[in-house]
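# Structural overview for review
The primary structure of each chain is shown beneath.
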Amino acid sequence: MAVDNVSSLEELNYVPEMPEHPRPIVSIATGGIVTGSHYPAYKLAGYPVIGTYDMNKEAAVKAAEIAGADFVADSLEEIIEYGAQHNAVYDIAVPANATADILEKLPDGAGVLMQKPMGESIEEARRILEICRRKNLTAGVNFQLRQAPYMLAARKLVTAGVIGEIVDVDHRLVGTQPWNLWPFLFPKDRVEINYHSIHYIDNIRSFVGDPKTVYCKTMQHPKMRDLAQTRTAIIMDYGPDLRVNLHINFNHDYGKKYQESILKLEGTEGAIRIKLGLMYDYPDGEPDKVELYTYETGEWQDVPVRGSWFNEAFIGTMGGLMKKLDDPSYEYMNSVEDAYHTMCVVEAAYKSSADGGVVVADYEI
């Protein structure tokens, strides 16, 4: 991949918060996102994977070989019991509508990181939150974009006041997506926002908090009727001073020249522009780029950042969970409680899209 991955933790110049003493991990479901992104990140961070389970036993065996795990479970119940015996963190990466039933089976008080989204509707998200509270689970949702090294760098600049108060946010993605890699998405009623733009909604929330209202249109493309949606436009309304806009088009199949994957944060004192290289000609990718403009310098300057979204961002989502297990007072940015608010924004977006806009009347002159 052409993105700027690292071969050791020491190469990262923006490192997420990590536990002093990593806990063992057991995997529940071992698809491509686990073996291709979770495990490389865990290896960099020194997080040991000790057991795997997948409904496809062959996939679980292969995952165990990749991760160096000694145990492959024959059933969900067996991997849950093995995890409990070893005080392990449960790493769940099943389709979102299957998450709640697995959470019900975990030991009370366990630590668990679940794949995004947090259910496929606000009702499922609410059920997941209720289960986590009732069973006293220390739980996180893998909205890992906010933990990517370039987002950590941007957040540090914003927190330090380098660009002043944020007044404008744009996230643009124009390109293609190999949807065939995720066949489980094809029968679903909710696709693009739930399984992609949700990352951008969550990341924007990590910078500017929750919007007051949302305007949205998410839709199909005539050349891709097999998927419910592949294009989305969202306005997150924060009142009169802050404009937030998301423009997502996964049907730009006209070559690489005009592909885009850009987050722009504009403030009263400067601006930050981030190129998310992973999404260019995905999954091949291009190098990421972070640029900073301030009125003091009067020019755009590169901000050197090592590491990328895939795979280094996955260090922080799991590492933060382990820190939360060690110290309940730690503010874990990927907590299930915070993730629920992202799901609230997503639900509002779907409702806005379903309700439609204001009809343009044929006003008499």
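Residues numbered from 1 in each chain as written. Predicted model: local features only at pLDDT ≥ 70, side-chain atom pairs only at ≥ 80, totals over all residues. Heavy atoms only, no water.

### So, the overall build of the protein chain
- Counting secondary structure elements, the protein chain contains nine helices and 14 strands.
- A globule of 365 residues ought to have a C-alpha radius of gyration of about 21 Å, and the protein chain, at 21 Å, matches this closely.
- Among the 365 residues that make up the protein chain, the fraction classed as buried is 56%.
- If the 34 positive side-chain charges of the protein chain are averaged to one point and the 53 negative ones to another, these points end up 3 Å apart. (Helix = DSSP H or I, 4+ residues; strand = E, 2+ residues; numbered from the N terminus. Rg over C-alpha atoms; globule rule 2.2 N^0.38 Å. Buried < 20%, exposed > 50% of the residue type's maximum accessible area, 1.4 Å probe, protein only. Lys, Arg positive; Asp, Glu negative; His and termini not counted. Charge placed at Lys NZ, Arg CZ, Asp CG, Glu CD.)

### Quick notes on the pattern of salt bridges
- Enumeration over the complete set of coordinates arrives at 28 salt bridges.
- Its salt-bridge partner being D170, residue K264 comes within 3.6 Å of it at the nearest N-O pair. With K264 in strand 11 (residues 260–267) and D170 in strand 7 (residues 166–174), this pair connects stretches of sequence that are 94 residues apart.
- The class of D170 is buried, set by a relative accessible area of 15%.
- Between R205 and D210 there is a salt bridge, with its nearest N and O atoms 2.4 Å apart. (Salt bridge = Lys/Arg side-chain N within 4 Å of Asp/Glu carboxyl O.)

### Regarding the UniProt feature "domain: Gfo/Idh/MocA-like oxidoreductase N-terminal" (unreviewed entry) in the protein chain
- The UniProt feature table records "domain: Gfo/Idh/MocA-like oxidoreductase N-terminal" (unreviewed entry) at residues 37–143.
- As annotated, residues 37–143 has a helix share of 47% and a strand share of 18%, and its two end C-alpha atoms lie 13 Å apart. (UniProt positions renumbered as here; feature names shortened; annotations may be inferred.)

### As for the packing of aromatic side chains
- Applying the stated criterion to the full structure yields twelve aromatic pairs.
- Geometrically, the ring pair formed by Y42 and Y47 is tilted, given 6.0 Å between the ring centres and 50° between the ring planes. With respect to burial, Y42 and Y47 carry one shared label: buried.
- Among the aromatic residues, those joined into a ring-pair cluster are W179, W182, F250 and Y282.
- One cation-aromatic arrangement involves R155 over F207; the distance from NZ or CZ to the ring centre is 4.8 Å. (Phe/Tyr/Trp six-rings, centres within 6.5 Å; stacked < 30°, edge-to-face > 60°. Lys NZ or Arg CZ within 6 Å of the ring centre and 35° of its normal.)

### Considering the layout of surface pockets
- The volume enclosed by the largest pocket comes to roughly 1000 Å³.
- Lining the largest pocket we find 39 residues, and of these G32, I33, Q115, W182 and F184 sit closest to its centre.
- Contributions of two or more residues to the lining of the largest pocket are made by helix 1 (32–45) and helix 7 (192–208).
- The element best represented in the lining of the largest pocket is helix 1, accounting for five residues.
- Looking at the lining of the largest pocket residue by residue, the class counts come to 27 nonpolar, ten polar and two charged.
- Viewed by domain, the lining of the largest pocket spans two of them, domain 1 (9–143 + 312–335) and domain 2 (146–306), each represented by three or more residues. (1 Å grid on protein atoms, 1.4 Å probe; cavity = no way out; pocket = protein on both sides within 12 Å on 5 of 7 lines; lining within 4 Å. Points joined across faces, edges and corners; volume = space filled by probe spheres on them. Nonpolar A, V, L, I, M, F, W, Y, C, P; charged D, E, K, R; others polar. Domains from an automatic or database assignment.)

### Some details on helix 9 (residues 336–355)
- Along its 20 residues, helix 9 runs 28 Å from first to last C-alpha, staying within 8% of the 28 Å computed at 1.5 Å per residue.
- All of the buried residues in helix 9 are V336, A339, Y340, T342, M343, V345, V346, E347, A349, Y350, S352 and S353.
- Positioned one or two residues after helix 9, G356 has a phi angle of 85°, which is positive. (Expected span 1.5 Å × (residues − 1).)

### Some remarks on the nonpolar core
- Ranked by internal contacts, the top residues of the largest apolar core, which has 118 residues, are L103, M118, Y150, I272 and W309.
- Per-element accounting of this core gives the leading share, eight residues, to helix 9.
- Formed jointly, this core draws a minimum of three residues from each of two domains, domain 1 (9–143 + 312–335) and domain 2 (146–306).
- Dropping the residues within four chain positions of it, W309 is found in contact with Q144, L145, A148, Y150, H199, Y200, L276, L278, M279 and F314. (Core = buried A, V, L, I, M, F, W, Y, C linked by side-chain atoms within 4.5 Å. Contact = heavy atoms within 4.5 Å.)

### Overview of the sheet that holds strand 8 (residues 213–219)
- What the eight strands build is an open sheet, ordered 8-9-10-7-11-12-13-14; its pairing is mixed. Each edge of the open sheet is held by one strand with a lone partner, namely strand 8 and strand 14 (300–302). Ignoring which end each strand starts from, the neighbouring axes of this sheet average 10° apart.
- Looking at chain direction, strand 13 (residues 289–294) and strand 14 are connected through three bridges and run antiparallel. (Pairing = 2+ DSSP bridges. Axes fitted to C-alpha atoms, helices over the stretch in contact; angles between N-to-C directions.)

### Here's the deal with the domain arrangement of the protein chain
- As assigned here, the protein chain comprises domain 1 (9–143 + 312–335) and domain 2 (146–306).
- The gap between the C-alpha centroids of domain 1 and domain 2 is 25 Å.
- Taken together, the contact pairs 21 residues of domain 1 with 20 residues of domain 2.
- Carbon and sulfur atoms make up 57% of the area that domain 1 and domain 2 hide from each other, which totals about 1800 Å².
- The largest contributions to the domain 1 side of the interface with domain 2 come from Y14, F143 and M333, which together make up 38% of the buried area.
- Our count for the contact surface shared by domain 1 and domain 2 stands at two salt bridges.
- Here E11 ties to R306 by a salt bridge, and the two come within 3.4 Å at their closest N and O atoms.
- Between domain 1 and domain 2 we count eleven residue pairs in polar contact (both at pLDDT 80 or more) in total.
- Considering only residue class, the side of domain 1 that touches domain 2 consists of ten nonpolar, seven polar and four charged. (Buried area = accessible area lost by both parts, 1.4 Å probe. Polar contact = N/O pair within 3.5 Å; in protein donor to acceptor, adjacent residues only side chain to side chain.)

### Re the pairing of strand 13
- Sheet topology note: the strand 12 (residues 270–275)/strand 13 ladder contains six bridges and is antiparallel. Residue R273 lies in a different strand from strand 13, and its bridge partner there is E291.
- Here strand 13 folds back onto strand 14 in antiparallel fashion, the turn holding five residues, of which G298 has a positive phi close to 70°.

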